[in-house]
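# Observations on the three-dimensional arrangement
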Amino acid sequence: MNGGQIGNVDLVKQLNGAAVYRLIDQQGPISRIQIADVSQLAPASVTKITRQLLEKGLIKEVAQQASTGGRRAISLTTEVQPFHSIAVRLGRDYIQISLYDLGAKELATVSHELVYKNQNELVTGLLGHLKDFIQANEPIIQQLIAIGIVLPGLVNPETGVVEYMPNTDIDKLALSDIITEEFKLACFVGNDVRGMALAEHYFGESQDCQDSILVSVHRGTGAGIIVNGQVFLGHNRNVGEIGHIQIDPLGEQCQCGNFGCLETVAANPAIVAHVKKLMAQGYDSSLNTLDDVTITDVCQHAVNGDELSKQSLVRVGNQLGKAIAMTINLFNPQKVIIAGDITIAQDIVFPAIRRNVENQSLTTFHTGLPIVASTIDSQPTMGAFSMIKRAMLNGVLLQKLLEE
Ligand SMILES: [Zn+2]
């Protein structure tokens, strides 16, 4: 993603190449004539681009019976297996690394604790784990084309510079350049929740729609908004801070400094803290038998009928629903996806969300609006892989591969 300005001719080349590759990826098997037809590119351009893609092995020809019978038409599909990439999810105290092929098949994955207090420790830890991972998987790695990284923080998606991370001092960390320098590979960096929203759009629950919202409830609470098939980014690329919508002016203080943010109620640590507080006050609960209570315990006990756990999760659903109603009024999505451990108890949480959405958003916006649980949340590196997928589809990475 580094490299700055590119000339007009190169940009046109990149966009045309991307248009052809996208059609083959999304509508393949597809013939050259159909590609020219849909893309509005001259047949000669389509022939030239597909020849380049074939030479690099990124697409292949398949014979397809023409629907009218008679002569067999040659169609094109993408070739995904030989092209590998590494996807990294950097958490606040852990790192997860996976190897994917271009068809989003996960070939290997590891998870390690990674505690870093500053930028240097972060970079050192990340490079060390990446080297170990590549070495350990050398026997199965084929053509390595890129590294994708998502992290909790603010990233400039064009330059791959990390501008802010919670709880870590960051000073314009040029992460993409550092990785490219070290591994001689293209690197794409993005925000973790926004990456997950894009992953849902490419591979998960929102594949069937152009406009969707992913609400992620983990250690923090965030949202990723997909508009017209793209991650919606504000002028400072910081959109979707649903966790800092104030839902209770007299609530607990948030780490952002304000009071009563959604995150102070509807994030895993806040949920567990609330349950523990009620237990300490003497409320009866089947959780009393446990030494330490986790979010999974709360959800499972709620599902098994524990009233205290149930009521706590309904409260979370109510507050989430209020904040989600605001985003529905603003963006009118076709689908809302909820990711996080609370989806274990979706039969308890989702009706509360829906009730509030129905009370507080426009009827035409919420009628028939699906609110569903994420199905790829269990594969947390998918968000990082979607950075690579996007770079193929928009031509940035594709053009690099064609020019190698
Ligand atoms: Zn806040």
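Summary of the structure given here.

Within the fold, isoleucine 49 resides in helix H3 (residues 43-55). Considering only alpha carbons, one finds isoleucine 49 and threonine 367, 318 residues apart in sequence, at a separation of 44 Å. With residues up to four places along the chain from it excluded, the contact list for isoleucine 49 reads Asn16, Gly17, Val20 and Leu41.

We now examine the packing of aromatic side chains. Throughout the structure, instances matching the rule amount to four aromatic pairs. With 4.8 Å between their ring centres and 25 degrees between their planes, tyrosine 100 and phenylalanine 385 make a pair best called stacked. Residue tyrosine 100 is located in strand S5 (residues 94-101), and its partner phenylalanine 385 is located in helix H12 (residues 382-393); the two are separated by 285 residues in the primary sequence. Exposure remark for tyrosine 100: the relative accessible area of 0% places this residue in the buried category. Pairing phenylalanine 203 with phenylalanine 385 gives two aromatic rings, centres 5.6 Å apart and planes at 35 degrees, and the pair type is tilted.

On to the coordination of the zinc ion. Coordination of the zinc ion by the protein involves His244 (ND1), Cys254 (SG), Cys256 (SG) and Cys261 (SG), with metal-donor separations of 2.0 to 2.4 Å. Coordination at the zinc ion is tetrahedral, judged from the four donor atoms that bind it and the angles of 103 to 122 degrees they form at the metal. Here the donor residues of the zinc ion are spaced in sequence according to H-x9-C-x1-C-x4-C. On the basis of relative accessible area, cysteine 254 is assigned to the buried category, the value being 8%. Looking at cysteine 261, the relative accessible area reads 1%, which means it is buried.

Attention shifts here to helix H4 (residues 119-136). Between the first and last C-alpha of H4 there are 26 Å, a value that for 18 residues agrees with the 26 Å anticipated at 1.5 Å per step. In the core, the buried residues of H4 are packed alongside strand S4 (83-90), S5, strand S6 (106-113), strand S7 (143-151), strand S10 (173-174) and helix H5 (175-183). The N-cap of H4, judged by a side-chain oxygen 3.1 Å from the amide nitrogen of asparagine 120 a few residues on, is asparagine 118.

Turning our eyes to something else, we now look at the side chain of serine 75. With respect to the helices, strands and loops of the structure, serine 75 is situated in strand S3 (residues 72-78). Accessibility expressed as a relative area gives 1% for serine 75, which makes it buried. Here serine 75 is in contact with Pro29, Ile30, Ser31, Lys60, Glu61, Val62 and Gln64, once residues within four sequence places are set aside.

For the pair helix H2 (residues 32-39) and H3, interaxial distance at closest approach is 9 Å and the crossing angle is 120 degrees. Relative to H3, the element H2 is oriented oblique. In the packing of H2 onto H3, the handedness of the crossing is right-handed. Taken together, the residues of H3 that come into contact with H2 (itself represented by Arg32, Ile35, Ala36 and Ser39) are Pro43, Val46, Thr50 and Leu54.

Another aspect to go through is the sheet that holds strand S9 (residues 161-164). Read from one edge to the other, the open sheet built from three strands follows the order S8-S9-S10, with strand pairing classed as antiparallel. The open sheet is flanked by strand S8 (154-156) and S10, the only strands paired with a single partner. Where S9 meets S10, two bridges bridge the pair, whose relative direction is antiparallel. When the sheet's bridge partners are listed, valine 161 is paired in S10 with alanine 174.

The next subject is the sheet that holds strand S13 (residues 221-227). Taken in spatial order, the five strands of this open sheet run S14-S13-S12-S15-S16, and their pairing is mixed. Of all strands in the sheet, those with a lone pairing partner are strand S14 (230-231) and strand S16 (371-373), marking the two edges. Direction of pairing for S13 relative to S14: antiparallel, over a ladder of two bridges. Considered in S14, the bridge of valine 227 is made with glutamine 230. Helix H10 (residues 346-360) contacts strand S15 (335-340) and S16 of the sheet and is inclined by roughly 155 degrees relative to S16.

Turning next to the pattern of salt bridges. According to the stated counting rule, one finds 10 salt bridges in the structure shown. Taking the shortest distance from any N to any O, the salt bridge between glutamate 182 and lysine 131 comes out at 3.3 Å. With glutamate 182 in helix H5 and lysine 131 in helix H4, this pair connects stretches of sequence that are 51 residues apart. By relative accessible area, which is 40% here, lysine 131 ends up partly exposed. Here aspartate 292 and lysine 276 are joined by a salt bridge, their closest N and O atoms 3.1 Å apart. Of this pair, aspartate 292 sits in the loop between helix H7 (268-280) and helix H8 (295-303) while lysine 276 sits in helix H7, and the two are 16 residues apart along the sequence.

Our next topic: unusual backbone geometry. Cis geometry is found at the peptide bond from glycine 28 to proline 29, where omega equals -5 degrees. At asparagine 167, a residue that is not glycine, the phi angle is positive and equals roughly 70 degrees. Mapped onto the secondary structure, asparagine 167 falls in the loop between S9 and S10. In this structure, asparagine 228 is a non-glycine residue whose phi angle is positive, near 55 degrees. The topology assignment puts asparagine 228 in the loop between S13 and S14.

The rules behind the values
- Residues numbered from 1 in each chain as written.
- Predicted model: local features only at pLDDT ≥ 70, side-chain atom pairs only at ≥ 80, totals over all residues.
- Heavy atoms only, no water.
- Helix = DSSP H or I, 4+ residues; strand = E, 2+ residues; numbered from the N terminus.
- Contact = heavy atoms within 4.5 Å.
- Phe/Tyr/Trp six-rings, centres within 6.5 Å; stacked < 30°, edge-to-face > 60°.
- Buried < 20%, exposed > 50% of the residue type's maximum accessible area, 1.4 Å probe, protein only.
- Donors = N, O, S within 2.8 Å, 3.2 Å for Na, K, Ca; no water.
- Tetrahedral: all angles 85-135°; square planar, octahedral: opposite > 155°, others 65-115°.
- Expected span 1.5 Å × (residues − 1).
- Polar contact = N/O pair within 3.5 Å; in protein donor to acceptor, adjacent residues only side chain to side chain.
- Axes fitted to C-alpha atoms, helices over the stretch in contact; angles between N-to-C directions.
- Parallel < 35°, antiparallel > 145°, perpendicular 65-115°, else oblique.
- Left-handed = near helix turned anticlockwise from the far one by under 90°.
- Pairing = 2+ DSSP bridges.
- Salt bridge = Lys/Arg side-chain N within 4 Å of Asp/Glu carboxyl O.

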